[in-house]
Amino acid sequence: MTVLLWIRFIAGIALILCGLVVFGIELYGVFKFGFVLNRMHAAAMGDTLGIALSMMGLIILCGLNFTSVKMVLVVVFLSFASPVASHMLARFEVATNEELGRECDLSGISQAADDADCER
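Please read all numbers here as calculations on a predicted model, not as lab measurements.

Visitor: Account for the overall build of the chain, with residues named and values stated.
Guide: Tallying secondary structure elements over the chain gives five helices and zero strands in all. Looking at the 120 residues of the chain, the share that counts as buried comes to 22%.

Visitor: Lay out helix α3 (residues 66-96) with the relevant residues and their values.
Guide: Here α3 contains 31 residues, and its C-alpha end-to-end distance of 44 Å stays within 8% of the 45 Å for a straight helix at 1.5 Å per residue. Buried positions along α3 lie against α2 (36-62).

Visitor: Describe in detail the confidence of the model for the chain, supporting the description with residues and values.
Guide: Mean pLDDT for the chain: 84, with 86% of residues reaching 70 or above. Per-element confidence in the chain ranges from a low mean pLDDT of 55 for helix α5 (residues 107-119) to a high of 94 for helix α1 (residues 2-32).

Visitor: How would you summarise α2 if you had to cite specific residues and measurements?
Guide: Look at α2: 38 Å from first C-alpha to last across 27 residues, which is about the 39 Å you get at 1.5 Å a residue. Two residues or fewer after α2 comes glycine 63, characterised by a positive phi angle close to 95 degrees.

Visitor: Can you explain the nonpolar core? Please cite residues and give values.
Guide: Counting residues in each nonpolar core, the largest one holds five residues, listed as Phe35, Leu37, Met40, Ala90 and Leu100. The contact partners of methionine 40, leaving out residues within four places of it in the chain, are Ser86, Leu89 and Ala90.

Visitor: Explain the environment of lysine 70 to me, and be specific about the residues and the numbers.
Guide: Checked against the element boundaries, lysine 70 lands in helix α3. What makes lysine 70 partly exposed here is its relative accessible area of 44%. Between the alpha carbons of lysine 70 and isoleucine 59 there is a distance of 9.5 Å; along the sequence they are 11 residues apart.

Visitor: Help me get a handle on the side chain of serine 68, residues and values and all.
Guide: Looking at where serine 68 falls in the secondary structure, it is placed in helix α3. Not counting chain neighbours up to four residues away, the residues in contact with serine 68 comprise Ile59 and Gly63.

Visitor: Talk me through the packing of α2 against α3; I want residue IDs and the actual numbers.
Guide: The contact between α2 and α3 brings their axes to 9 Å, and the two run at 180 degrees. The orientation of α2 with respect to α3, classified from their angle, is roughly antiparallel. A breakdown of the residues in the contact of α2 with α3 according to their chemical character gives 19 nonpolar, six polar and one charged.

Visitor: Tell me about a nonpolar patch on the surface, and please be specific about residues and values.
Guide: A cluster of nonpolar side chains, namely Trp6, Phe9, Ile10, Ile13, Leu17 and Leu20, defines an oily patch on the protein surface of about 610 Å² accessible area. Within the secondary structure, isoleucine 10 is located in helix α1. By relative accessible area, isoleucine 10 is classed as exposed at 53%.

Calculation criteria
The numbering scheme is per chain: residues are counted from 1 as the chain's sequence reads. Since the coordinates come from a predicted model, pLDDT governs what is reported: local features require at least 70, and pairs of side-chain atoms require 80 or more to be given and counted, while whole-chain, interface and lining totals use all residues. As a rule here, side-chain values cover all heavy atoms of the structure and leave hydrogens and water aside. Numbering goes from the N terminus for both helices and strands, where a helix is a DSSP run of H or I of at least four residues and a strand is a run of E of at least two. Classification of residues uses two cut-offs on accessible area relative to the type maximum, computed with a 1.4 Å probe and protein chains only: under 20% is buried, over 50% is exposed, and between them is partly exposed. An expected span of 1.5 Å times one less than the residue number is assigned to each helix. Note on contacts: a residue pair qualifies if any of its non-hydrogen atoms lie within 4.5 Å across the two residues. Confidence scores here are pLDDT values: one per residue, from the predictor, ranging 0 to 100. Residues belong to one nonpolar core when they are buried, are Ala, Val, Leu, Ile, Met, Phe, Trp, Tyr or Cys, and are joined through side-chain atoms within 4.5 Å. To get an axis, a line is fitted to the C-alpha atoms, and for a helix only the part in contact is used. The angle between two axes follows their N-to-C directions and goes from 0 to 180 degrees. Here the word oblique covers every angle except those under 35 degrees (roughly parallel), over 145 (roughly antiparallel) and from 65 to 115 (roughly perpendicular). Following the grouping adopted for this structure description, the nonpolar residues are Ala, Val, Leu, Ile, Met, Phe, Trp, Tyr, Cys and Pro, the charged ones are Asp, Glu, Lys and Arg, and the polar ones are all others, Gly among them. Like charges within 9 Å and nonpolar side chains (Val, Leu, Ile, Met, Phe, Trp, Tyr) within 5 Å are joined into patches, using only residues over 30% in relative accessible area that form no salt bridge. Surface accessibility in these figures is a Shrake-Rupley result with a 1.4 Å probe; residues are shielded only by whichever protein chains are displayed. Think of a salt bridge as a Lys or Arg side-chain nitrogen and an Asp or Glu carboxyl oxygen that are within 4 Å of each other.

Now the structure itself:
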């Protein structure tokens, strides 16, 4: 029985450490990239994956109980909420940044915006 507890402990700690590594890479990406949409993408992807890995490690360490169910619900909620929030922020940046054409290629964005206006 103690061998299974050690395996569970090592697996939980490994997932938590992987989550921390993802958070570190995310932090590096946020400070390295110069354009706001690139920084936002690094932060959003890192948050989703880092939190999921860290919470899965905590779930393994915690065992099967009501607390682990709540942690699974947090991971599910964040996996839906984070991409939606990032998409809304990106659309806000595209709509309000007047110098966006100087920083990136807008050929696909203008076509997609025209298509969205036609659908309304």
